[in-house]
Amino acid sequence: GLRLAAASDRAVHLYALSNGKRLTSFYVDGDSIIRSFSISPDGQHIAVASLDGTISIRSLQKHQSFTTVSAGSGFSRSYIRWSPSSKSLLIANSNTIKIWSNKSKKVTLEVPFSGLPEDVSFIGELPHLIATQNQILRFNVKLAIANRKMDLFSTIIQLPQDGNRSVELASN
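Residues numbered from 1 in each chain as written. Predicted model: local features only at pLDDT ≥ 70, side-chain atom pairs only at ≥ 80, totals over all residues. Heavy atoms only, no water.

1. Focus on the nonpolar core
At step 1: If you look at the biggest cluster of nonpolar residues, it comprises 12 residues: Tyr-79, Leu-90, Ala-92, Ile-97, Ile-99, Leu-109, Val-111, Phe-113, Val-120, Phe-122, Leu-137 and Phe-139.
At step 2: Listing elements by their share of this core, those giving two or more residues are strand S9 (88–93), strand S10 (96–101), strand S11 (106–112), strand S12 (119–123) and strand S14 (135–139).
At step 3: In this structure, Ala-47, Ala-49, Ile-55 and Leu-89 belong to the second largest nonpolar core, which totals 10 residues. (Core = buried A, V, L, I, M, F, W, Y, C linked by side-chain atoms within 4.5 Å. Buried < 20%, exposed > 50% of the residue type's maximum accessible area, 1.4 Å probe, protein only. Helix = DSSP H or I, 4+ residues; strand = E, 2+ residues; numbered from the N terminus.)

Structural data, given as structure tokens:
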């Protein structure tokens, strides 16, 4: 059935939506505090980002952590999101964007970034649009994969300073 996840400072709790019963809890290691979390669309994994700059990726079925990814510095303002098919995880902070592969269990792409990510929209498996505090950026991930360092991001919309920080693509 449907599950609901809720986070406290040191744990993410998973509940059965039908009866509100707690199914399990995932605790962060050490003294760190949870910044954000994201459950994969297929319901198999959860990524838990901590203020210490680590992301713990866990199996929801086996209730264990199977890898930890370093998000790097500047992680207190961060964003994580699974791709629609759960094959990759986008990890963004104020100076880096990383893509972690669920297949290889490794970071497969890392590019410099300047801004505070607020939301990300995917086209297929690739991140396409990134919303920051005041603009929507197009991320040319194909150039990044080809290891080209120029023109990876282009501003497509300058946002008014009204608190609007979400981006979603819709087809006609």
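2. Regarding the environment of Ala-16
At step 1: Its location among the elements puts Ala-16 in strand S2 (residues 11–16).
At step 2: We classify Ala-16 as buried; its relative accessible area is 13%.
At step 3: For the pair Ala-16 and Leu-2, spaced 14 residues apart in the sequence, the C-alpha separation amounts to 6.3 Å.
At step 4: Leave out the neighbours within four places in its chain, and Ala-16 touches Leu-2, Lys-21 and Leu-23. (Contact = heavy atoms within 4.5 Å.)

3. Observations regarding the packing of aromatic side chains
At step 1: Within this structure, the stated rule accounts for one aromatic pair.
At step 2: Relative to Trp-100, the ring of Trp-82 lies with its centre 6.2 Å away and its plane at 80°, an arrangement referred to as edge-to-face. Taken together, the residues Trp-82 in strand S8 (residues 78–82) and Trp-100 in strand S10 connect sequence positions 18 residues apart.
At step 3: Among the residues examined, Trp-100 registers a relative accessible area of 1% and is labelled buried. (Phe/Tyr/Trp six-rings, centres within 6.5 Å; stacked < 30°, edge-to-face > 60°.)

4. Structural notes on the confidence of the model for the chain
At step 1: Per-residue confidence for the chain gives a mean pLDDT of 76, with 68% of residues at or over 70.
At step 2: Here strand S15 (residues 153–158) is the element of the chain with the lowest mean pLDDT, 62, and S2 is the one with the highest, 88. (pLDDT = per-residue confidence, 0-100.)

5. Comments concerning the pairing of S9
At step 1: In terms of burial, S9 is a largely internal element, six of the six residues being buried.
At step 2: Residues of S9 alternate between two faces, with Ser-88, Leu-90 and Ala-92 on one and Leu-89, Ile-91 and Asn-93 on the opposite face, all of them buried.
At step 3: Where S9 meets S10, five bridges bridge the pair, whose relative direction is antiparallel. Along S10, the bridge assignment pairs Ser-88 with Ser-101.
At step 4: The antiparallel hairpin formed by S9 and S10 contains two residues in its connecting segment. (Pairing = 2+ DSSP bridges.)

6. Thoughts on unusual backbone geometry
At step 1: Even without being a glycine, Ser-86 presents a positive backbone phi close to 70°.
At step 2: Exposure remark for Ser-86: the relative accessible area of 1% places this residue in the buried category.
At step 3: Its identity is not glycine, yet Lys-105 carries a phi of approximately 60°, on the positive side.
At step 4: Along the polypeptide, Lys-105 turns up in the loop between S10 and S11.
At step 5: With relative accessibility at 34%, the residue Lys-105 sits in the partly exposed group.

7. Considering a nonpolar patch on the surface
At step 1: A cluster of nonpolar side chains, contributed by Leu-2, Leu-4 and Leu-17, occupies part of the molecular surface with about 310 Å² of accessible area.
At step 2: Within the element layout of this structure, Leu-4 appears in strand S1 (residues 3–7). (Patch = residues over 30% accessible without salt bridge, like charges linked within 9 Å, V, L, I, M, F, W, Y side chains within 5 Å. Areas by Shrake-Rupley, 256 points an atom, 1.4 Å probe, with all protein chains shown as cover. Salt bridge = Lys/Arg side-chain N within 4 Å of Asp/Glu carboxyl O.)

8. Focus on the sheet that holds S2
At step 1: The antiparallel open sheet is built from three strands, whose spatial order is S1-S2-S3. Across the chains shown, the open sheet's two edge strands, defined by having one partner strand only, are S1 and strand S3 (22–27). Averaged over all adjacent pairs, the angle separating strand axes in this sheet is 20°, with direction ignored.
At step 2: Pairing analysis gives five bridges linking S2 to S3, with the strands arranged antiparallel. Bridge assignment links Tyr-15 to a residue of S3, and that residue is Arg-22. (Axes fitted to C-alpha atoms, helices over the stretch in contact; angles between N-to-C directions.)

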